[in-house]
Amino acid sequence: MAAGVIILSLAIWSWRDVRLRLRPDPEAQIQPDKQYTVIYWDFDRPVGGEGCYRTELQQKIDEFEQLHPNIAIEPRMFSWAESEQVAAAIQRRQDLPQVLSLGSLDLDLDCSLFVPADYVSAKEKENYLPLVQDSFQLQCGAALWPRFWSPQLYLASVDLLQAAGVSCSRLQAEGIGWEDLLRIGEQLASLPGQPSVLAGLDFRGLLLSLAPRQLDQPSAGLNAWPAQAEDLATVRLQQLQADKLLPVNIDPHKYSGLDEFFTGQAAFLAPAEPWLVRMVWERQKRIEHGFLTGAVKGPQKVALIPPKTTSVAGLPARLEGLVVIKEHRAADEIRAAAEWARYLSRAGDLAAKLDFLPVYGPSSQAWAAKWELGAETMLLELCLHNLRLPPYLRHD
């Protein structure tokens, strides 16, 4: 008899485990008389100025817990160097969090752990930017709550362009394309020292900034780079070198154009995400205060310039998001975790503090109030573009 009870108990427990692994119910409700704890894993990040990410995140936690008094958020922060350990812990399915910030990491995770894409309803996706509408689903079919995005732009040396008679404000309004680079390069050639028109963070970045973005088959959301993008970028690079608008001695394995840009030998640095503006500012301050002795001060003023965007041109952009883990969680517990993921994904003010752009349209005003790097109008207009490219060229 006792053995039968044990077997029956094990069967019930086994069925409970199977039930919790089944597809979660998106209609489940948070129980008002139940206390929930949501374990949240994230990666520590630099914050502009004197800020601290842990402090900024705690502020969002406090706001959320005021709105949901029966949900407590317990954050655990990791360094980027610990990303492999984080992935390994999740693969072992030990002490799993309920919400995980993927950052920009390409982690090889078991997507059966996460709630599926159809957990996020069409209504919940309303008011998110067109650029991220495709991003609510990972390639494996799991749901993703987009959190931040960052376009890949050009960083311009304003002083150098003004010396060549080029209007930065016009470039910010109209964007820059291949023909513009040729024209500006010719104008720069008349200056002392014949500065180059463009420098890349590395060789891959240099090619990306020269690659065509006219899409073969435009679709809303993420698109593939044009099939011949890398080949044509290489041809354009060679043309700029032949016209003496770029250095000819570029080693693809060792190249970095940072020194060219900071010594006034290049007008643009690419690809440039908005955080690069702050890096330039802070570098100048360290030099002024004597912390970088012997370093070249570089351009006194910089500006972000977008690539030209058209109805068939993609915008290279990096995206970060959040996933909700359903393993061993009841439906209402999953709903509590999803509420936190949704709240965090819509925090435009936190995106601004981290030098990212918001993904949720109604948070744009809060984002603009906290943004410190300038060019708000241009960046918010980019938020309306709906054709996104991966932040790298296809590389076989």
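Below, the structure is looked at part by part. (Residues numbered from 1 in each chain as written. Predicted model: local features only at pLDDT ≥ 70, side-chain atom pairs only at ≥ 80, totals over all residues. Heavy atoms only, no water.)

Across its full length, the protein holds 15 helices and 11 strands. The burial tally for the protein puts 50% of its 396 residues in the buried class. Long-range pairs, those at least 24 residues apart, make up 76% of the contacts in the protein with a sequence separation of at least 6. Carbon and sulfur atoms form 52% of the exposed surface of the protein, whose accessible area is close to 19200 Å². (Helix = DSSP H or I, 4+ residues; strand = E, 2+ residues; numbered from the N terminus. Buried < 20%, exposed > 50% of the residue type's maximum accessible area, 1.4 Å probe, protein only. Contact = heavy atoms within 4.5 Å. Areas by Shrake-Rupley, 256 points an atom, 1.4 Å probe, with all protein chains shown as cover.)

Moving on, we get to the side chain of Ser101. Tracing the backbone shows Ser101 in strand β3 (residues 99-103). Reaching out from Ser101, the side chain makes a polar contact with the side chain of Asp42 at a distance of 3.3 Å. Each residue touching Ser101, except ones within four places of it in the same chain, is listed here: Tyr40, Trp41, Asp42, Phe43, Arg45, Arg147, Gly321 and Leu322. (Polar contact = N/O pair within 3.5 Å; in protein donor to acceptor, adjacent residues only side chain to side chain.)

Here we come to unusual backbone geometry. Omega for the bond connecting Ala270 with Pro271 falls within 30 degrees of zero, at -10 degrees, which places this linkage in the cis form. Its location among the elements puts Pro271 in strand β8 (residues 266-272). Not every positive phi belongs to a glycine, and Gln194 is a case in point at roughly 45 degrees. If you trace the backbone, Gln194 turns up in the loop between α7 (178-188) and β6 (196-200). Positioned with a positive phi, Lys244 is a non-glycine residue whose angle comes to about 60 degrees.

Spatially, the four strands line up as an open sheet ordered β6-β8-β5-β9, and their pairing is mixed. Two strands lie at the open edges of the sheet, namely β6 and β9 (302-305), each paired on one side alone. Here the average twist between neighbouring strands, direction ignored, is 30 degrees. Judged from the three bridges that link them, strand β5 (residues 153-157) and β8 form a sheet pairing that is antiparallel. Residue pairing in the sheet places Ala156 in a bridge with Phe268 of β8. α7 rests against β6 and β8 of the sheet, and its axis sits at about 120 degrees to β6. Packed on one face of the sheet, helix α8 (residues 203-210) meets β5, β6 and β8 and runs near 125 degrees to β6. (Pairing = 2+ DSSP bridges. Axes fitted to C-alpha atoms, helices over the stretch in contact; angles between N-to-C directions.)

Note on aromatic pairs: each is described by the distance of the centres and the angle between the planes. Inspection of every chain in the model, using the stated rule, returns 13 aromatic pairs. Aromatic pair Trp41 and Phe78: ring centres 5.1 Å apart, planes at 65 degrees, arrangement edge-to-face. Linking Trp41 in strand β1 (residues 36-43) with Phe78 in strand β2 (residues 71-78), this pair joins segments that are 37 residues apart in sequence. Among the aromatic side chains, those forming a connected cluster through ring pairs are Tyr40, Phe64, Trp340 and Tyr343. Between the NZ or CZ atom of Arg283 and the centre of the ring of Phe262, over which it lies, the distance is 4.1 Å. (Phe/Tyr/Trp six-rings, centres within 6.5 Å; stacked < 30°, edge-to-face > 60°. Lys NZ or Arg CZ within 6 Å of the ring centre and 35° of its normal.)

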